Amino acid sequence: RAQAAPRYLDGLNPEQREAVETLDGPVLVLAGAGTGKTRVLTTRIAHILSLGKARPSEILAVTFTNKAAREMKLRIGSMVGEAVEGMPWLGTFHSIGVKILRRHAELVGLKSGFTILDTDDQIRLLKQHLSAANIDEKRWPARVLANLIDGWKNRGLTPSQVPAGEAASFANGRGQELYAAYQERLKTLNATDFGDLLLETIRLLREQPDVLRQYHHRFRYILVDEYQDTNVAQYMWLRLLAQRPQRNDLLADGSAAATPQRAETNLCCVGDDDQSIYGWRGAEVDNILRFDKDFPGAKVIRLERNYRSTGHILAAASHLIAYNEGRLGKTLRTEDELGEKVTVSGAWDSEEEARSVGEEIEQLQRKDHSLNQIAILVRASYQMREFEDRFITLGLPYRVIGGPRFYERAEIRDALAYLRAVNSSADDLAFERIINVPKRGLGDATVQWLHEHARQANMSMMDMAREVANTDELKPKPRQSLRDLMANFDRWAAQKDSLPHTELAEMILDESGYTDMWQKDRSADAAGRLDNLKELVRSMDEFENLQGFLEHISLVMDADRGEQVDSVSIMTLHSAKGLEFETVFLPGWEEGLFPSQRSLDEQGRAGLEEERRLAHVGLTRARRRAKIFFATNRRIHGMWTTNIPSRFLDELPEADVEVTEQKGGFSFSGYGASRFDRQESFGSSYTTPGWQRAQQRGGFSGGGYSGGSGSAPSGGRWQKTEIPDLPRPRKGPRT
Ligand code: ATP
Ligand code: MG
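All of these numbers come straight from a predicted model, not from anything done at the bench.

**Q** Sorry, what's going on with the nonpolar core here?
**A** It is characteristic of soluble globular proteins that their nonpolar side chains tend to be buried jointly. In terms of nonpolar packing, the biggest core is built from 58 residues, with Val29, Ile45, Ala61 and Ile222 touching the most fellow members. With sequence-adjacent residues up to four places away left out, Ile45 is seen in contact with Ile59, Ala61, Ile76 and Leu223. The next biggest cluster of nonpolar side chains, apart from the first, holds 57 residues, and it includes Val344, Ile374, Val378 and Val657.

Here you go:
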């Protein structure tokens, strides 16, 4: 009896099906956004499992984020039924690296319980090394060294392999020596940093043929998503695992004879050169070009039908990316309807931008659109704050992907705990959180003691603290410390009703030593935390009193705890890779912000092209609606800047874009008005870094961008008529 094709193959187009069913030998799927690459990869795993070609533990599958790995696991499960009991080797390069390394830690000089340092730890460690080496940290910051070392690690370079010229660029040629010392130190601490998770695995696999053989034997199939963003180290890692030796070599361990197909490299990578957005972190699109060379006989499959976006969106995204020169080139088509045009709206400032986005979301909500299907994709994470603010005011549930929500950040929670404890002396949880923050000698033992006695006496911890502070039940030091703290709390509580609540908050943060704690902190993110605290106080302004503010916060914090709640996603463009939403908002399309001035200054044309790919990624996340915004005025790191609309707006095709009503003093001059050539403007911004920023700060007037770069279809659409030098006074910078 002929067997029916499995259900999961239903609906795949012929090319997709070929990619799923070509199980033996190397396969490269090179295709544009939304063409089903990830779906192919997922289905391929289901296919391997359902044919019994390998057990779940014999498949190595690499995704770009942990979240993507979890989703893939769920999908596979739903395709092949409950047969999949976990896929231990489905994860990111890093998570798989850790796993391999933990198993063989001793072989690379670590113990299996080694710790993984985060960036903060890394920088702290490097600071120690700089000071031990008598190097002036002001001149040669630890952060720069950390980036340098990360860069080397991304390229798979150990200290002895660093090219002499590059090592010379730090601290008069001491870069390499510092790198070596840092590595030594990590070993003594039984620690690795992020880069080591790959580098040490590479070393392990290179130096230990037995271990390598073990993994060759284990991984019958290897699959990689988002292949365009692999860096050199990841590529080396992959090649080591995927390039199985010829059958003769395998015969030595006796296992090959029974299963001769094991000599094949069953590697399948899927990617899109137009979505390579991690060049700044060492990703190399060239890995795609090298694939054929390293894995001879590779089958290259192209997918051309986009299943994600409606016609106008796809046309706009394709047109934009065509401005890039370094492309492999590919066609994309959709059989979907044209749908809604991509909209572009201008706003006076970022606050108005957030307000407009909020309004549009509420409109969608009234039409029964799910908030889960709405995303806001920002270029820089500081843009998020304004949206969070607005959504809290509106009571619109949201979540921040790839970082904590504003009110969930540690420093904000601490500050809120102080305010809550002042507001109510019965709030034990709040009190407990900050009793020893900053450190004031009230350690775990004291807290424990307070806890127990308060419970026995049926009173709050603060009340108990007040009582015991005047007895001799505690040792003198904590007793004094507690007495001081409670005196503070009493004083703050007494002023609660007379002082404006924002002033009260500032006073509490200062007098408690909390602000001071972060001011003294030398870690890299301390400044950001202080900024957040300022923002917190600023946001209290919108409420009548402390009570009202705290109630609002607790409602908001409560409302969308847990992922099930329908909520808008806010994230950076970088972390939106691979995802899709019905509606995508793309705020901040302004010169300097997007494309980012830093990319242009540091990497010139390559930087611009990477920014453009990022814009392409943003647009192609949208299924039915893509809504672009720009603001004339924006506060960046506390400074107001006046911005001109992004050149990317000029690169959108007129026929697929709708310019919505303009606010904030903008009018459109129509197409073709030209003041200066884009190429030229690019050139000068490159050779004279900061040129565009200077333009913006100087209250750029009367000019516009032209779309004059050869094939550009239009230009100068975003010309302004009137650009004020300063934003409205009420929004002026605080002094
Ligand atoms: P990206 O480059 O953004 O990562 P991708 O190429 O990985 O995109 P997928 O996310 O796999 O694309 O697919 C995009 C959308 O199209 C998904 O919703 C997917 O379910 C759908 N899709 C893919 N192939 C088909 C098909 N043959 N029939 C119907 N829908 C499909
Ligand atoms: Mg994908």
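There is more to say after this.
**Q** What is the right way to look at the environment of Lys111 in this model?
**A** In this fold, Lys111 is placed in the loop between α4 (93-103) and β4 (115-116). Taking the C-alpha atoms as reference points, Lys111 and Leu482, 371 residues apart in sequence, are found 42 Å from one another.

**Q** Would you explain the sheet that holds strand β1 (residues 27-30) in this entry?
**A** Sheet strands pair by backbone hydrogen bonding; their relative direction is either parallel or antiparallel. Reading across the sheet, the six strands line up as β3-β2-β6-β7-β1-β8 and stay open at both edges, with parallel pairing between neighbours. If you trace the sheet from one side to the other, it starts and ends with β3 (90-91) and β8 (299-301), each paired once. Two elements, β1 and strand β7 (residues 267-271), share four bridges in a ladder whose sense is parallel. For Val27, the partnering residue across the bridge sits in β7 and is Cys268.

**Q** Where do I start with the environment of Glu503 in this structure?
**A** Its place among the elements puts Glu503 in helix α22 (residues 501-511). A C-alpha to C-alpha distance of 52 Å links Glu503 and Ser318, two positions 185 residues apart in sequence.

**Q** I keep staring at unusual backbone geometry and nothing clicks. Help me out?
**A** Trans peptide bonds make up most of the peptide bonds, and negative phi angles are found at most residues other than glycine. In this chain, Val437 is followed by Pro438 through a cis amide linkage whose omega measures -5°. Locating Pro438 in the fold gives a position in the loop between α18 (428-434) and α19 (444-457). Across the junction of Phe594 and Pro595, the peptide omega takes the value 5°, indicating a cis bond. Within the fold, Pro595 resides in the loop between β13 (581-586) and α26 (597-619).

**Q** Looking at this model, I keep getting lost on helix α3 (residues 66-80). Mind explaining?
**A** Three- or four-residue spacings in an α-helix give side chains the same orientation, since the helix completes a turn every 3.6 residues. Relative to the 21 Å expected for 15 residues at 1.5 Å per residue, α3 spans 21 Å between its end C-alpha atoms, a close match to the ideal helical length. Residues of α3 that are buried include every one of Ala68, Ala69, Met72, Lys73, Ile76 and Met79, and no others. On an axial view of α3, the arc spanned by its buried residues comes to 140°, and they lie on one face. In this structure, α3 carries Asn66 and Leu74 as exposed residues pointing more than 90 degrees from its buried face. In this structure, the buried residues of α3 make contact with α2 (37-50) and β3. Count one or two residues on from α3 and you reach Gly81, which has phi positive near 80°.

**Q** In this structure, what is going on with the site of ligand 1? I would like to understand it.
**A** Taken together, 18 residues form the shell around ligand 1, and within it Gly36, Lys37, Thr38, Arg39 and Tyr307 come nearest. At three residues, α2 tops the list of elements feeding residues into the shell around ligand 1. Tallied by class, residues from the shell around ligand 1 come to three nonpolar, ten polar and five charged.

**Q** I tried to follow the UniProt feature "binding site: ATP" (unreviewed entry) in the chain on my own but got confused; where do I start?
**A** Here, UniProt's "binding site: ATP" (unreviewed entry) annotation points to Ala31, Gly32, Ala33, Gly34, Thr35, Gly36, Lys37 and Thr38. The residue Gly32 is located in the loop between β1 and α2 in this model. With near-sequence residues (within four places) excluded, Gly32 lies in contact with Asp272, Asp274, Asn306, Lys330 and Leu332. Here Gly34 shows up in the loop between β1 and α2.

**Q** I keep staring at the pairing of strand β6 (residues 221-224) and nothing clicks. Help me out?
**A** Burial of the side chains of β6 extends over both faces: Tyr221 and Leu223 are buried on one face and Ile222 and Val224 on the other. Here three bridges tie β6 to β7, and the two strands are oriented parallel to one another. Directly across from Val224, in β7, lies its bridge partner Cys269.

What counts as what
- Chains are numbered independently. Their residues run from 1 in the order of the written sequence.
- Chains and ligands are labelled by the order in which they are written, letters from A for the one and numbers from 1 for the other.
- Local features in a predicted model are, by the rule used here, given only for residues with pLDDT of at least 70; side-chain atom pairs are given and counted only at 80 or more, and totals for whole chains, interfaces and linings are based on all residues.
- Note on terminology: a nonpolar core is any set of buried Ala, Val, Leu, Ile, Met, Phe, Trp, Tyr and Cys residues joined through C-beta atoms within 7 Å.
- Any residue whose C-beta has 12 or fewer other C-beta atoms within 10 Å is treated as exposed, any with 20 or more as buried, and any in between as partly exposed, C-beta atoms being built from the backbone.
- For every residue pair, C-beta atoms are placed from the backbone, and the pair is scored as a contact if these atoms sit within 7 Å.
- Put simply, DSSP H or I for four residues or longer makes a helix, DSSP E for two residues or longer makes a strand, and each gets a number counted from the N terminus.
- For two strands to be treated as a pair, DSSP must find no fewer than two bridges joining them.
- A helix is expected to reach a length of 1.5 Å times the quantity of its residues less one.
- In this context, the arc is that of the directions from the helix axis out to the C-beta atoms.
- In this analysis, residues qualify as near a molecule or strand once their C-beta atom, positioned from backbone atoms, comes within 6 Å of it.
- Gly counts as polar in this scheme, as do all residues outside two lists: the nonpolar Ala, Val, Leu, Ile, Met, Phe, Trp, Tyr, Cys and Pro, and the charged Asp, Glu, Lys and Arg.
- UniProt positions are given in the numbering used here, feature names are shortened, and annotations may be inferred rather than shown by experiment.

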